[in-house]
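Given next are the chains, with one letter for each unit.
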Amino acid sequence: MVQVVRDAAGAPIEARRLTKRYREVPAVDGVDVTVLPGEIYGFLGPNGAGKTTTMRMLLGLVRPDAGTIRLFGRDPKEDLLAALKGVAGIIEEPRLYSYLSGRANLRMLADFDRSGVDRAFVEEVLETVELRDRAGDRVREYSQGMRQRLGIAACLVRRPRLLMLDEPANGLDPAGIRYLRRLLRRLSADGITVFLSSHLLAEVQELCARVAIVAAGRIVYEGEIDELRARAGRRYRLTAAALERAASVCAAVPGISDVAIVDEHVTFAVDADEALLALTRGLAEADIAILALVPEQLTLERVFFELTEGPAERETVPA
Ligand SMILES: Nc1ncnc2c1ncn2[C@@H]1O[C@H](COP(=O)(O)OP(=O)(O)OP(=O)(O)O)[C@@H](O)[C@H]1O
Ligand SMILES: [Mg+2]
């Protein structure tokens, strides 16, 4: 039976003008974050941007110097325990008892939490994070990826409505990252709202429809990831035998702009497929072999570039 909970009204996270200073230096400087029910929200930023500090404030681990927080409409300043009901998270690394088994860690948490979690549910959670066959081993014998999964399991035994994960993909191999994505999608389909941080755009762009990008404690972008992609435009990377000459050919093609030589490639923006056709013709006429022509991945670096400096700042090849 589905229970309709009235007091669930209010967004899972609504933070306004959050600010935290360390020795007068703002680590987080007027950050606004709104996370809507059921979404997987990405919190992006480079090292030192203020992601962890923001998440610590949201989880009540650090007191903000200024700003307001509402979790499902509740103010942690008024009643921390009530506000954190149904909220679970991992900051940086999961905290686990390394001399106990994974199963014992979860059972202990379930007992502490007094949330009425039975042992069968602990087994279910172990199954969810695919740790059942290693659940009896001591955590110190786990790999980093297994520890991450146990950390998520430790959140799940609390039956959260909101899960906050600080760089959960750190230290995972490609298979581990794929697994994490699948798990988060499944949790989201089950109605759990997910807020996750990352310093890699590629890591969140398949998972999140909306993101905030934070740099030096400030939000530089908040919104749809698709809009971000559109704003950054379509870019390609060409590897060709004669790089300088290839760049000149590129620059002469109508519909191609912002041509630059980066490392051993020519990069450029394209406004339509016709321009690519004209480019391949132009290169053939100039007797230049195309070794590779691939769309450029949207990276956080490039987004920053577009958001802060704009294409004009790049070292460009004149048309
Ligand atoms: N306890 C603390 N005392 C002093 N300065 C701190 C403290 N915690 C964070 N900072 C500073 O606040 C800034 C933001 O740090 P934070 O850990 O929030 O960044 P981050 O975005 O999580 O970075 P990373 O990607 O490296 O994890 C940094 O300049 C950091 O040195
Ligand atoms: Mg951090």
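Just so it is clear, the model here is predicted, and its values are computed rather than measured. (Residues numbered from 1 in each chain as written. Chains lettered and ligands numbered in written order. Predicted model: local features only at pLDDT ≥ 70, side-chain atom pairs only at ≥ 80, totals over all residues. Heavy atoms only, no water.)

(A) Quick look at the state of the cysteines. Counted by the stated rule, this structure contains zero disulfides. C155 supplies the cysteine sulfur nearest to C208, a cysteine that is in no disulfide, at a spacing of 17 Å. With a relative accessible area of 3%, C208 lands in the buried category. (Disulfide = S-S within 2.5 Å. Buried < 20%, exposed > 50% of the residue type's maximum accessible area, 1.4 Å probe, protein only.)

(B) Region of the structure containing the packing of helix α3 (residues 102-113) against helix α4 (residues 119-128). Between α3 and α4, the shortest axis-to-axis distance is 10 Å and the interhelical angle comes to 130°. One finds that α3 runs oblique with respect to α4. Along this stretch, α3 crosses α4, giving a crossing that reads as right-handed. Between α3, through R103, L106, R107, A110 and D111, and α4, the contact on the second element is made entirely by R119, V122, E123, V125 and L126. Of the residues in the contact of α3 with α4, the class split is five nonpolar, no polar and five charged. (Axes fitted to C-alpha atoms, helices over the stretch in contact; angles between N-to-C directions. Helix = DSSP H or I, 4+ residues; strand = E, 2+ residues; numbered from the N terminus. Parallel < 35°, antiparallel > 145°, perpendicular 65-115°, else oblique. Left-handed = near helix turned anticlockwise from the far one by under 90°. Contact = heavy atoms within 4.5 Å. Nonpolar A, V, L, I, M, F, W, Y, C, P; charged D, E, K, R; others polar.)

(C) Inspection of the domain arrangement of the chain at higher detail. Domains assigned within the chain are domain 1 (6-229) and domain 2 (233-313). Inter-centroid distance (C-alpha atoms) of domain 1 to domain 2 is 39 Å. Contacts between the two partners involve 14 residues from domain 1, matched on the other side by eight residues from domain 2. Surface buried jointly by domain 1 and domain 2 totals about 860 Å² across both partners, of which 75% is contributed by carbon and sulfur atoms. Linking domain 1 with domain 2 are zero salt bridges. (Domains from an automatic or database assignment. Buried area = accessible area lost by both parts, 1.4 Å probe. Salt bridge = Lys/Arg side-chain N within 4 Å of Asp/Glu carboxyl O.)

(D) Geometry of unusual backbone geometry. Look at A216: it is not a glycine, yet its phi comes out positive at around 45°. Tracing the backbone through its elements, the reader meets A216 in the loop between β8 (210-215) and β9 (218-224). For D263, which is not glycine, the phi torsion reads 50° and is therefore positive. Tracing the backbone through its elements, the reader meets D263 in the loop between β11 (256-262) and β12 (265-270).

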